[in-house]
Amino acid sequence: MEIKTKITGVQHAGIPTNDIGKSMQFYRGLGFEPVWQTVNPDNGEAVAFLQLGNLVMEIYENRQAVGKPGAIDHIALNVTGIDLLFENMKDTGHKMLDDKVQYLPFWAHGVKFFTILGPNEEKIEFCEKLTE
């Protein structure tokens, strides 16, 4: 299986923040609109997804943002067939940051995702929004 056949586009950019209200105000000032807000049940962090056109920002308040250039935490790619893709990625020698496909109850039906490490220590998340 070619990995590129499972990637359908950019899902979102993940940005940690120390103040979610301030970050939301900033991105709303640029024209982004909130499309989903929740609290991550795994760690209690407030999470907001804001969208402008086809660009989505995931802002989450972990109170550990470094506050300097290069502080974007991850880029998420929208994918299909995530379970098969995960197994394939394990076999290709990529540095896996997850030992299994993860789940979060975000959006209407949840998301499944896993993350790998890139050559510059950047995190690349493969994310599938569940439709049912």
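Whatever comes next refers back to the structure up there.
First things first, this report covers the structure right here in the doc. (Residues numbered from 1 in each chain as written. Predicted model: local features only at pLDDT ≥ 70, side-chain atom pairs only at ≥ 80, totals over all residues. Heavy atoms only, no water.)

**What about the overall build of the protein chain?**
Right, so step 1: Check the secondary structure of the protein chain and you find two helices and nine strands.
Right, so step 2: In sequence order, the secondary structure elements of the protein chain are arranged as β-α-β-β-β-β-α-β-β-β-β.
Right, so step 3: Against the compact-globule benchmark of 14 Å for 132 residues, the protein chain has a radius of gyration of 15 Å, which places it among compact chains.
Right, so step 4: Per-residue burial over the protein chain gives 39% buried out of 132 residues.
Right, so step 5: Counted over contacts in the protein chain with a minimum sequence separation of 6, partners at least 24 positions apart contribute 51%.
Right, so step 6: In the protein chain, 12 side chains carry a positive charge and 18 a negative one; their mean positions are 3 Å apart. (Helix = DSSP H or I, 4+ residues; strand = E, 2+ residues; numbered from the N terminus. Rg over C-alpha atoms; globule rule 2.2 N^0.38 Å. Buried < 20%, exposed > 50% of the residue type's maximum accessible area, 1.4 Å probe, protein only. Contact = heavy atoms within 4.5 Å. Lys, Arg positive; Asp, Glu negative; His and termini not counted. Charge placed at Lys NZ, Arg CZ, Asp CG, Glu CD.)

**As for the nonpolar core**
Right, so step 1: In terms of nonpolar packing, the biggest core is built from eleven residues, these being L77, V79, I82, L85, F86, M89, V101, F114, I116, I124 and F126.
Right, so step 2: Broken down by element, this core gets its largest block of residues, four residues, from helix α2 (residues 82–91).
Right, so step 3: In this view, M89 contacts I3, H94, M96, F114, I116 and F126; residues no more than four positions away in its chain are not counted. (Core = buried A, V, L, I, M, F, W, Y, C linked by side-chain atoms within 4.5 Å.)

**Considering the packing of aromatic side chains**
Right, so step 1: In total, this model carries seven aromatic pairs according to the counting rule given.
Right, so step 2: Relative to W107, the ring of F49 lies with its centre 5.1 Å away and its plane at 50°, an arrangement referred to as tilted. Residue F49 is located in strand β3 (residues 46–52), and its partner W107 is located in the loop between β7 (102–104) and β8 (111–117); the two are separated by 58 residues in the primary sequence.
Right, so step 3: Both rings, one in F114 and one in F126, keep their centres 5.0 Å apart while their planes meet at 15°; by these two values the pair is stacked. In this pair, F114 is assigned in strand β8 and F126 in strand β9 (residues 123–129), connecting sequence segments twelve residues apart.
Right, so step 4: Classification of F114 as buried rests on a relative accessible area of 0%.
Right, so step 5: For F126, a relative accessible area of 4% corresponds to the buried category.
Right, so step 6: By the ring-pair criterion, three or more aromatic residues cluster together here, those being W36, F49, F106 and W107. (Phe/Tyr/Trp six-rings, centres within 6.5 Å; stacked < 30°, edge-to-face > 60°.)

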